[in-house]
Amino acid sequence: MSSDIRWLDEAIPKGNGLALDSGGGRGGLRILLEQKGWRYVNADLRPSRNGFAVCADAHRLPFRDGVFGLIVAKDALEHFENPWLAMEEIRRVLADGGMLVIWVPFMWPFHGDDFYRYTPLAFERFLKGFTIVRFDTPLWVFSVLALVFEEILKRIRLGFLGRYTREMAWRLDRLFQPKRQKPRSFAGAYLIVAEKET
């Protein structure tokens, strides 16, 4: 929903083991993960047939402990009914020293079946047992304003222009990213990269 593959491309490390796309839906990360050397596994309640897919509940993953070198939860945590339990399962199936990449919306519209929004404080608690390598807000104030503008466009039957508004906002967010004093204070979404401690 809120993420663009470009943001994740620079956050996902290269590797050669198994990578879990937790809540991967249609398998949209398969090509990116395979290009980076990972063997792709998609676990979702309604997985697509795009690569190796497993019908699985994030609260009870059907994998052995420590089997994955990388886990990506892109636009997924907000959809898990019990995110604390889902994070325990992620922690269990991720190998020691393995990487976790999370993308979650923050100031983003409700989109059908999402339960939660998370703050930086929530992630401090969620990520106990992890070292946070990166905590960023790729979608900043311009993206949030673009969402409001896009909603207005939809209501006056000009919704087709929203795509262009969003693209321009992403470019402005990226342009002004190095100049931000407190990037976490006004976020459209958060991108977190963390390493599981041994």
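In this text the structure is predicted, and so the values were computed from the model without any measurement.

**With respect to the side chain of Ser 143**
Link 1 in the chain: Assignment of secondary structure puts Ser 143 in helix H5 (residues 141-155).
Link 2 in the chain: Taking the relative accessible area as the measure of exposure, Ser 143 reaches 3% and is therefore buried.

**What to know about the side chain of Arg 91**
Link 1 in the chain: Relative to the elements of secondary structure, Arg 91 occurs in helix H3 (residues 83-93).
Link 2 in the chain: For Arg 91, the side chain forms a polar contact with the main-chain oxygen of Phe 126, separated by 2.7 Å.
Link 3 in the chain: Here Lys 128 takes part through its backbone oxygen, which lies 3.1 Å from a polar atom of the side chain of Arg 91.
Link 4 in the chain: When near neighbours in sequence (up to four residues on either side) are disregarded, Arg 91 contacts Phe 126, Leu 127, Lys 128, Phe 130 and Lys 196.

**Digging into a nonpolar patch on the surface**
Link 1 in the chain: Nonpolar side chains collect at one region of the surface, where Val 148, Phe 149, Ile 152, Ile 156, Leu 158, Phe 160, Leu 161 and Tyr 164 lie side by side and expose about 770 Å² of accessible area between them.
Link 2 in the chain: A total of three residues in the nonpolar patch trace back to one element, the largest contributor, which is H5.
Link 3 in the chain: Within the secondary structure, Phe 160 sits in the loop between H5 and helix H6 (162-176).
Link 4 in the chain: Accessibility expressed as a relative area gives 57% for Phe 160, which makes it exposed.

**Some points on the sheet that holds strand S7 (residues 189-196)**
Link 1 in the chain: Taking strand neighbours across the sheet as the criterion, the seven strands line up as S3-S2-S1-S4-S5-S7-S6 in an open arrangement whose pairing is mixed. Strands with a single pairing partner mark the edges of an open sheet, and in this sheet they are strand S3 (52-55) and strand S6 (130-136). Ignoring strand direction, the axes of neighbouring strands in this sheet form an average angle of 20 degrees.
Link 2 in the chain: Here strand S4 (residues 68-74) runs beside strand S5 (residues 94-105); their pairing, made up of six bridges, is parallel. Considered in S5, the bridge of Leu 70 is made with Met 99.
Link 3 in the chain: Packing of H3 onto the sheet brings it into contact with strand S1 (18-22), S4, S5, S6 and S7, and relative to S5 it is tilted by some 145 degrees.

Conventions we followed
Residues numbered from 1 in each chain as written. Predicted model: local features only at pLDDT ≥ 70, side-chain atom pairs only at ≥ 80, totals over all residues. Heavy atoms only, no water. Helix = DSSP H or I, 4+ residues; strand = E, 2+ residues; numbered from the N terminus. Buried < 20%, exposed > 50% of the residue type's maximum accessible area, 1.4 Å probe, protein only. Polar contact = N/O pair within 3.5 Å; in protein donor to acceptor, adjacent residues only side chain to side chain. Contact = heavy atoms within 4.5 Å. Patch = residues over 30% accessible without salt bridge, like charges linked within 9 Å, V, L, I, M, F, W, Y side chains within 5 Å. Areas by Shrake-Rupley, 256 points an atom, 1.4 Å probe, with all protein chains shown as cover. Salt bridge = Lys/Arg side-chain N within 4 Å of Asp/Glu carboxyl O. Pairing = 2+ DSSP bridges. Axes fitted to C-alpha atoms, helices over the stretch in contact; angles between N-to-C directions.

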